[in-house]
Amino acid sequence: MSTETHDADAYGQELARISRHQHEATDARFMVFQALAAAGIGHEQADDIVAKLEAGAVAGAHTWISESSPPHGSEPRFEDGWFAGVRDVASYLLRIADTTAGRGRAASSAMLLAHVQQPTSPAPEETTVDPGPAPASVPPLEATDVLAAAERFPWAVAAPGTRHWPDGSDFLDVALSAVGNEERAGYIERLEAFVEGHRDRLEELLRAYGPGSRPASHGRYALVGQPETLVILERMEAVPFLLRGRWEEELETVFLDDLEFAWGPRIRLSR
């Protein structure tokens, strides 16, 4: 076995372990928010509690990294490089801890709690009022129209021949299910504004994780480069808890976990 093959296998195993930890953390976070809600803790306070716990975990990693030492007997130049690298990593971890402790997630937590506390729908015989058809004022949001809008940004999506899925309709359907009725009328314009506003970031995402990149060669980050992914990213920033809840009902979470890792959203649920 070549060194390159061994490195690829080891990297794949690391990604699998990270994915498992991310999935377990998401489940645990849902349980914590539900327990805090049951104890009468409000959204803002629950956010603060969870954010401080997560920041503390990052701070623990900072301490562990900062106290590490180069192998005994290393050359002075190696030691200098080691400590310089440790300082860089420790500084980055400190910024993550500061950001994690200070971020506000009340709106997303409220959506999560509304999801987990949703009452059971009454049985048909218990229903006393016929809600009738959906209000005529709610405009339809056609997947084909949204996809056509996404395709108008070639610098944000991979060429058709290099995409992992010629048809990513399942992913698009789940993402669109997280678009509320009140957003449908102007959603395409909202999507276009999102893509234009994140052009540099989307170009870098495609370059670093899209088809042909080294991370993609290991079989991960398969959603990067799909036009449907522009909708997923927009929803990931706007309603992360709702998107993940819908996703976990229909699709494999590893696809969303990888995309969250590569994009680095404001609220990451797969850490």
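Cut-offs used in this document
Residues numbered from 1 in each chain as written. Predicted model: local features only at pLDDT ≥ 70, side-chain atom pairs only at ≥ 80, totals over all residues. Heavy atoms only, no water. Axes fitted to C-alpha atoms, helices over the stretch in contact; angles between N-to-C directions. Helix = DSSP H or I, 4+ residues; strand = E, 2+ residues; numbered from the N terminus. Parallel < 35°, antiparallel > 145°, perpendicular 65-115°, else oblique. Contact = heavy atoms within 4.5 Å. Nonpolar A, V, L, I, M, F, W, Y, C, P; charged D, E, K, R; others polar. Phe/Tyr/Trp six-rings, centres within 6.5 Å; stacked < 30°, edge-to-face > 60°. Buried < 20%, exposed > 50% of the residue type's maximum accessible area, 1.4 Å probe, protein only. Lys NZ or Arg CZ within 6 Å of the ring centre and 35° of its normal. pLDDT = per-residue confidence, 0-100. Core = buried A, V, L, I, M, F, W, Y, C linked by side-chain atoms within 4.5 Å.

(A) Looking closely at the packing of helix 5 (residues 143-151) against helix 6 (residues 169-176). The contact between helix 5 and helix 6 brings their axes to 11 Å, and the two run at 105 degrees. As judged from the angle between their axes, helix 5 and helix 6 are roughly perpendicular. Of helix 6, the residues touching helix 5 (which contributes Ala143, Val146 and Leu147) are Leu172, Asp173 and Leu176. Of the residues assigned to the contact of helix 5 with helix 6, the class counts are five nonpolar, no polar and one charged.

(B) How the structure looks around the packing of aromatic side chains. Under the counting rule described, the total for this entry stands at seven aromatic pairs. Taking 5.7 Å as the distance between ring centres and 80 degrees as the angle between the ring planes, the aromatic pair formed by Phe171 and Phe255 counts as edge-to-face. In this pair, Phe171 is assigned in helix 6 and Phe255 in helix 12 (residues 253-263), connecting sequence segments 84 residues apart. Summarising the aromatic geometry, the rings of Tyr221 and Phe261 are spaced 6.4 Å apart at their centres and angled 35 degrees between planes, so their arrangement reads as tilted. Within this pair, whereas Tyr221 is found in the loop between helix 9 (214-217) and helix 10 (228-238), its partner Phe261 is found in helix 12, the two being separated by 40 residues in sequence. A relative accessible area of 38% places Phe261 in the partly exposed class. Here the aromatic residues Phe171, Trp247 and Phe255 are joined through ring pairs into a cluster of three or more. A cation over an aromatic ring shows up here: Arg201 above the ring of Trp263, its NZ or CZ 3.7 Å from the ring centre.

(C) Expanded view of the confidence of the model for the chain. Mean pLDDT over the chain stands at 79; residues scoring 70 or higher make up 78%. Confidence drops under a pLDDT of 50 for residues 106-111, and excluding neighbours within four residues, the segment shows twelve contacts in the predicted structure. Between residues 118-129, whose pLDDT stays under 50, and residues either more than four places distant or in other chains, the model counts one contact.

(D) Broad picture of the nonpolar core. Ranked by size, the top nonpolar core spans 36 residues in total, and within it Val195, Leu202, Ile232 and Trp247 carry the most contacts. Only helix 5, helix 6, helix 7 (187-197), helix 8 (199-209), helix 10, helix 11 (240-250) and helix 12 provide two or more residues apiece to this core. Once residues lying within four places of it in the same chain are set aside, the contact partners of Trp247 are Phe171, Val174, Leu223, Ile232, Glu252, Thr253, Phe255 and Leu256. With seven residues, the next largest nonpolar core counts Phe30, Phe33, Leu36 and Val50 among its residues.

(E) Representation of helix 8. Leu202, Leu205, Leu206, Ala208 and Tyr209 are the residues of helix 8 that are buried. In this structure, the buried side of helix 8 is in contact with helix 7, helix 9, helix 10 and helix 12.

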